[in-house]
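Commentary on secondary and tertiary structure
Here's the letter readout for the chains.
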Amino acid sequence: MHIKELVLDDFKSFGRPTRIPFYEDFTVITGPNGSGKSNIIDAVLFALGLARTRGIRAKKLTDLIYNPGHEDGAGSSGPNEASVTVVLDNEDHTLSREQVVTAAGSDRIGDVDEITIKRRVKETEDNYYSYYYLNERSVNLSDIRDLLSQAGITPEGYNVVMQGDVTEIINMTPYQRRGILDEIAGVAEFDAKKEDAFEE
Ligand code: ATP
Ligand code: MG
């Protein structure tokens, strides 16, 4: 499974609908400083609900909405809604139809060769709202999390390696580094469950 396409709409510096293709093996995004490369990574973290621990670069969710006056530090005068869609190529059926149906809570999800996860954030006068969709069905973050974890994509995992992560890993003690291997191998989850069981 791999990301096939990203669709950004009023997300951070992307003030118009933008489709970004991704290739199966290797895709590099290049551009001058401030052109929006890291914003693209933020978009993936945002849409897949992976942001909490990996650190999305925004103080509040509504800062992610395109603001034409952002450079001047002006308050938001632009749109009041942003969305990001991640299109996953699931042709190898990393996730089975059954798994997707369970997460979506519906079997009217079309073909699962392609899985789309969309997140929307909407700002109103005194509040904001966040919505998730799986193949266009409205779902909760926990549904997305459960589904992605079955494909080995977790907020604690190293599917996304952020700036500074490599240095951090180098500076870790061997014991801490072993913790990362446990996390990647999926052993950490069982250690945590074991501890919980002992406590009970
Ligand atoms: P570098 O090479 O320095 O890492 P980059 O390509 O990763 O640069 P980003 O950090 O992705 O650049 O983009 C930063 C730009 O995004 C800044 O110009 C900033 O003003 C703009 N930006 C961030 N949030 C918003 C927003 N809500 N509305 C409009 N522009 C925004
Ligand atoms: Mg950057």
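Residues numbered from 1 in each chain as written. Chains lettered and ligands numbered in written order. Predicted model: local features only at pLDDT ≥ 70, side-chain atom pairs only at ≥ 80, totals over all residues. Heavy atoms only, no water.

Examining the nonpolar core
If you look at the biggest cluster of nonpolar residues, it comprises 42 residues, and the most contacted ones within it are Leu 6, Leu 8, Phe 46, Val 84, Val 100, Ile 117 and Leu 134. Elements with a minimum of two residues in this core: strand S1 (2-9), helix H1 (37-47), strand S3 (81-89), helix H3 (97-104), strand S4 (114-123), strand S5 (128-134) and helix H4 (141-149). By residue number, the principal contributor to this core is H1, which donates six residues. Once you skip the residues sitting within four places of it in the chain, Phe 46 turns out to touch Phe 11, Ile 56, Leu 61, Leu 64, Val 84, Arg 119, Arg 120, Val 121 and Tyr 132. (Core = buried A, V, L, I, M, F, W, Y, C linked by side-chain atoms within 4.5 Å. Buried < 20%, exposed > 50% of the residue type's maximum accessible area, 1.4 Å probe, protein only. Helix = DSSP H or I, 4+ residues; strand = E, 2+ residues; numbered from the N terminus. Contact = heavy atoms within 4.5 Å.)

Structural notes on the packing of helix H6 (residues 174-185) against helix H7 (residues 187-199)
Two packed helices can be described by the angle between their axes and the distance between those axes. With their axes 5 Å apart at the nearest point, H6 and H7 run at an angle of 95° to one another. The angle between the axes of H6 and H7 places the two elements in the roughly perpendicular class. Where H6 abuts H7, its residues Asp 182, Glu 183 and Ala 185 lie against Val 187, Ala 188 and Asp 191. Partitioning the contact of H6 with H7 into residue classes produces three nonpolar, no polar and three charged. (Axes fitted to C-alpha atoms, helices over the stretch in contact; angles between N-to-C directions. Parallel < 35°, antiparallel > 145°, perpendicular 65-115°, else oblique. Nonpolar A, V, L, I, M, F, W, Y, C, P; charged D, E, K, R; others polar.)

Here's the deal with the pairing of S4
Relative to S4, S3 runs antiparallel, the two sharing nine bridges. The partner of Glu 81 across the bridge, within S4, is Lys 122. For S4 and S5, the ladder comprises seven bridges, and the chain directions are antiparallel. Pairing of Lys 122 across the sheet is with Tyr 129, part of S5. (Pairing = 2+ DSSP bridges.)

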